[in-house]
Amino acid sequence: PDWDKLMEAYKDSSTVLIADVDCTASGKSLCSQVGVKGYPSIKHGDPAALEDYKGGRDFAALKAFADGLGPSCGPANLDLCDDAKKKQIDEFTALGPEKREAQIKEQEAALAKLEEDFKAFVDGLQKQYKEESEKKDEAVAKIKSGSLGLIKAVHAFEKKAKAEL
């Protein structure tokens, strides 16, 4: 598979790690920790704040993306940050651990609420779809079991009879 080829291509890299984790077995806790919600998932970025990969899944697309990976702006690589990010990192550092933890929890709760609201919306749509689909199926069955079949038969018979004259 393309993922295995990509891991092979980067096996000796000192700046890029390409790996896979079985989220159904021993890697379950790691997958939960980094927010894997479906399989297969591809994550990238700072290990403390991984992001979802949204590109192509073929080797060429994965390789092109991986070729651009490397250290990125963050507390461990301030030299890669622009002034705005440096300022933001300084502000977060000045907050102290308790306030940072509180902000993390607050923002994670906001994300969880968005996910919950979206799921409720989708569940509502699915229920509505099921109800409308059942109504349509009943109406179609009623029409077909009513006079439609007979009127089509009469029409075809009359058409054939005229053609034979």
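These figures come from a predicted structure and were not determined experimentally.

Peer 1: Got a minute to help me understand helix α4 (residues 83-95) in this structure?
Peer 2: The periodicity of an α-helix, 3.6 residues per turn, causes residues three or four places apart in sequence to face the same way. Across its 13 residues, α4 extends 19 Å between first and last C-alpha, which sits within 8% of the 18 Å expected from 1.5 Å per residue. The opening residue of α4, the one whose side-chain oxygen lies 3.2 Å from the backbone nitrogen of Ala-84, is Asp-82. Among the residues trailing α4, Gly-96 stands out with phi positive, at a value near 90°.

Peer 1: Is there a simple way to think about the packing of aromatic side chains in this case?
Peer 2: When we look at a pair of aromatic rings, we describe it by the centre distance and by the angle of the planes. In this structure the tally under the stated criterion is 1 aromatic pair. The positively charged end of Lys-5 is found above the aromatic ring belonging to Phe-59, 4.8 Å away from the centroid.

Peer 1: Sorry, what's going on with the packing of helix α1 (residues 2-9) against helix α3 (residues 59-67) here?
Peer 2: Pairs of packed helices are described in terms of their axes, by the angle between the two and the distance that separates them. Interhelical geometry of α1 versus α3 gives an angle of 35° and a closest axis separation of 9 Å. Classified by chirality, the crossing of α3 by α1 is right-handed. Contacts between α1 and α3 involve Asp-2, Trp-3, Lys-5 and Leu-6 from the former and Phe-59, Leu-62, Lys-63 and Ala-66 from the latter. Split by residue class, the contact of α1 with α3 holds 5 nonpolar, no polar and 3 charged.

Peer 1: Teacher, can you tell me more about the state of the cysteines here?
Peer 2: What makes a disulfide is a covalent bond joining the sulfur atoms belonging to two cysteines. Tallied over the entire structure, the rule returns 2 disulfides. Linked covalently through their sulfurs, Cys-73 and Cys-81 form a disulfide whose S-S length is 2.1 Å. Looking down the S-S bond of the Cys-73 and Cys-81 bridge, the torsion is 100°, so its handedness is right-handed. Residue class for Cys-73 comes out partly exposed when judged on its relative accessible area of 30%. Each disulfide of the chain joins two cysteines, and with those cysteines numbered along the sequence the arrangement is 1-2, 3-4.

Cut-offs applied
Residues numbered from 1 in each chain as written. Predicted model: local features only at pLDDT ≥ 70, side-chain atom pairs only at ≥ 80, totals over all residues. Heavy atoms only, no water. Helix = DSSP H or I, 4+ residues; strand = E, 2+ residues; numbered from the N terminus. Expected span 1.5 Å × (residues − 1). Polar contact = N/O pair within 3.5 Å; in protein donor to acceptor, adjacent residues only side chain to side chain. Phe/Tyr/Trp six-rings, centres within 6.5 Å; stacked < 30°, edge-to-face > 60°. Lys NZ or Arg CZ within 6 Å of the ring centre and 35° of its normal. Axes fitted to C-alpha atoms, helices over the stretch in contact; angles between N-to-C directions. Left-handed = near helix turned anticlockwise from the far one by under 90°. Contact = heavy atoms within 4.5 Å. Nonpolar A, V, L, I, M, F, W, Y, C, P; charged D, E, K, R; others polar. Disulfide = S-S within 2.5 Å. Buried < 20%, exposed > 50% of the residue type's maximum accessible area, 1.4 Å probe, protein only.

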